Amino acid sequence: MNMARAKATYVCQNCGAVAARWAGRCDACGQWNTIVEENPEQPLAVAGGVQLPKGKSRRLEPLAGTSEPPPRIATGISELDRVTGGGFVPGSALLIGGDPGIGKSTLMLQVLARLAQAGRRAVYVSGEEGLDQIRLRAQRLGVLDAPLMLAAETNVSDIVATLRREKPEIVVIDSLQTLWTPVVESAPGTVSQLRAGAEAMVRLAKKTGAVMLLIGHVTKEGQIAGPRVVEHMVDAVLYFEGDRGHQYRILRAVKNRFGATDEIGVFEMAGHGLVEVPNPSRLFMGDAESQVPGAAVFAGVEGQRPLLVEMQALAVPTTFATPRRAVVGWDSGRLAMILAVLEARAGVRLGQHDVYLNVAGGMRVREPAADLAAAAALVSSLSGKAQAAGTVVFGEVALSGRVRAVPLTELRLREAAKLGFSRALVAEDSQLPEKPGLKVERIPDVAALAARLLQS
Ligand code: TYD
Ligand code: MG
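Residues numbered from 1 in each chain as written. Chains lettered and ligands numbered in written order. Predicted model: local features only at pLDDT ≥ 70, side-chain atom pairs only at ≥ 80, totals over all residues. Heavy atoms only, no water.

## Comments concerning the overall build of the protein chain
Here comes step 1: Helix and strand counts for the protein chain stand at 9 helices and 21 strands.
Here comes step 2: Taking all 456 residues of the protein chain together, the buried fraction comes to 48%.
Here comes step 3: Surface accessibility of the protein chain: about 22,300 Å² in total, with carbon and sulfur atoms responsible for 52%.
Here comes step 4: Looking at the protein chain, you have 51 positive and 46 negative side-chain charges, and the mean spots of the two groups are 4 Å apart. (Helix = DSSP H or I, 4+ residues; strand = E, 2+ residues; numbered from the N terminus. Buried < 20%, exposed > 50% of the residue type's maximum accessible area, 1.4 Å probe, protein only. Areas by Shrake-Rupley, 256 points an atom, 1.4 Å probe, with all protein chains shown as cover. Lys, Arg positive; Asp, Glu negative; His and termini not counted. Charge placed at Lys NZ, Arg CZ, Asp CG, Glu CD.)

What follows is the structure, given as structure tokens:
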């Protein structure tokens, strides 16, 4: 046995956690079959107890000073500019993540073509597709005449050399997972390669002042390295979400050094690319008008914009020992909590039912304010009684069963009234405007909610 052989390391391709030995399931993130043997990277000086080189003493700056707000490259696509906080900041790197096929390449090609048409030097580097394919897509998008430069390349050094020569203001790398350098001995697509490629691109952005848009596929199976491992390196992380079966796409910032992270951009995937949806409040309502049991309209807010979303529940008697719970577009932990609260505080028993909860239109709801709407949908499905027409619901549900007021009550009510809703179920202690514009019913707790839905 050769003891001098470098010890192999095992790296989770989903979260980047390092393990001493192979395992079927990653301890850190819980994903299966994501651990891959990778060649050990250079030992870190600190980790190895190695003497660090002597450093230079740096000048400190006072906190009280003036800094200019960063300049911005606005794209003119307001749904995108809203999410970035007013445009791209030169010298920054952004990760654009999302499921394969969701429309990342399409959006980025549209953005780049637009900026190129506006006179910006823009380069699209693709390791995913050949030039022909990109041209075909550009033709479909109607931007073939944009003065945009392309490269089909995956070698990091070649990309860096090319970009240093071309000095673009804005670059798309499609995708991070295709980047590859011989310096890192692991196979292309592994975490080490992904990280090395991303690092080189981030450094290049800082050095040259270019905006670097890095596309990364998110995979649930962890077949290819997850872009999560580069989230900390970049200045902003935007996720492109949606259901491939629906035409709506949501762009959401989960990290942004230069702006807020609560705004979303809404697009519709059309035959000629992604189209902005400036007024999305009605999009996610399913067929809310046809009063079916199990539906409740949630008056939500995304960033500064109200957004009405239909939540759909289905409760059916189960044939399993452990009833099924499946959630699309909402948090499954939150569903479990609402089910428990409904049972304990309102006597609504769903323990013998399979429960399905779906948010219409491929939307993903994150606000706790959706609790009451989810509860209403569940009660309505169980009872088989549809809610009264024209009702919106919002409020956070506590473990005690009490319904708590949520922020921006007035904004939610105004939007619902504008869209023709006539009644709102809200928390008892909600701060109401003088003229809410619709009938407001205060719901103190989930028991009151259940009573209200069962009598009406
Ligand atoms: P794509 O941008 O290739 O996705 P990603 O880069 O995230 O993997 O988009 C793929 C899907 O979008 C594909 O199924 C076809 C569809 N599409 C349209 O519906 N309209 C269009 O104009 C384009 C370009 C694509
Ligand atoms: Mg693509």
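## Here we look at the pairing of strand β8 (residues 211–217)
Here comes step 1: In terms of burial, β8 is largely enclosed, as 7 of its 7 residues are buried.
Here comes step 2: Pairing of strand β4 (residues 93–98) with β8, which is carried by 6 bridges, proceeds in the parallel orientation. Bridging from a neighbouring strand, Ile 96 pairs with Ile 215 of β8.
Here comes step 3: Examined bridge by bridge, strand β7 (residues 170–174) and β8 share 5 bridges and lie parallel to one another. Its bridge partner lying in β8, Ile 170 is registered against Val 211. (Pairing = 2+ DSSP bridges.)

## A few points about the packing of helix α2 (residues 104–117) against helix α3 (residues 131–141)
Think of two packed helices as two axes; the pair is described by the angle between the axes and how far apart they sit.
Here comes step 1: Between α2 and α3, the shortest axis-to-axis distance is 10 Å and the interhelical angle comes to 70 degrees. Viewed along their axes, α2 and α3 adopt a mutual orientation that is roughly perpendicular. α3 is crossed by α2, and the crossing has right-handed handedness. In contact with Ser 105, Thr 106, Leu 109 and Gln 110 of α2, α3 contributes Ile 134, Arg 137, Ala 138 and Leu 141.
Here comes step 2: Of the residues that constitute the contact of α2 with α3, the class distribution is 4 nonpolar, 3 polar and 1 charged. (Axes fitted to C-alpha atoms, helices over the stretch in contact; angles between N-to-C directions. Parallel < 35°, antiparallel > 145°, perpendicular 65-115°, else oblique. Left-handed = near helix turned anticlockwise from the far one by under 90°. Contact = heavy atoms within 4.5 Å. Nonpolar A, V, L, I, M, F, W, Y, C, P; charged D, E, K, R; others polar.)

## A word on the site of ligand 1
Here comes step 1: Around ligand 1 sit 16 residues, and of these Gly 101, Ser 105, Thr 106, Ala 270 and Gly 273 come closest.
Here comes step 2: At a separation of 3.3 Å, an oxygen atom of ligand 1 approaches a polar backbone atom of Ile 102.
Here comes step 3: With respect to ligand 1, the side chain of Ser 105 contributes an N or O atom lying 2.7 Å from an oxygen atom.
Here comes step 4: Within the complex, the protein chains bury 77% of what would otherwise be the 560 Å² of accessible surface of ligand 1.
Here comes step 5: Of all the secondary-structure elements, those providing two or more residues to the shell around ligand 1 are α2, α3 and β11 (264–270).
Here comes step 6: Class assignment for the residues of the shell around ligand 1 results in 5 nonpolar, 7 polar and 4 charged. (Near = heavy atom within 4 Å. Polar contact = N/O pair within 3.5 Å; in protein donor to acceptor, adjacent residues only side chain to side chain.)

## As for α3
Here comes step 1: For α3, the set of buried residues is Ile 134, Arg 137, Ala 138 and Leu 141. An end-on view of α3 places all buried positions within 100 degrees of arc, on one side of the element. Opposite the buried face of α3, at more than 90 degrees from it, the exposed residues are Asp 132, Leu 136, Gln 139 and Arg 140.
Here comes step 2: Buried residues in α3 make contact with α2, β5 (122–126), β6 (149–152) and β12 (273–276).
Here comes step 3: Gly 142, located one to two residues past α3, shows a positive phi value of around 70 degrees. (Arc of directions from axis to C-beta.)

## Focus: the nonpolar core
Here comes step 1: The biggest cluster of nonpolar side chains holds 60 residues, and the ones touching the most others in it are Met 311, Trp 330, Met 363 and Leu 378.
Here comes step 2: Of the residues that make up this core, three or more belong to each of domain 2 (78–278) and domain 3 (282–455).
Here comes step 3: For Leu 378, the residues in contact, after removing those within four places along its chain, are Ala 313, Leu 335, Ile 338, Leu 339, Leu 342, Leu 350, Val 355 and Leu 357.
Here comes step 4: Counting residues in hydrophobic clusters, the runner-up holds 36 residues, among them Leu 115, Tyr 124, Phe 240 and Leu 251. (Core = buried A, V, L, I, M, F, W, Y, C linked by side-chain atoms within 4.5 Å. Domains from an automatic or database assignment.)

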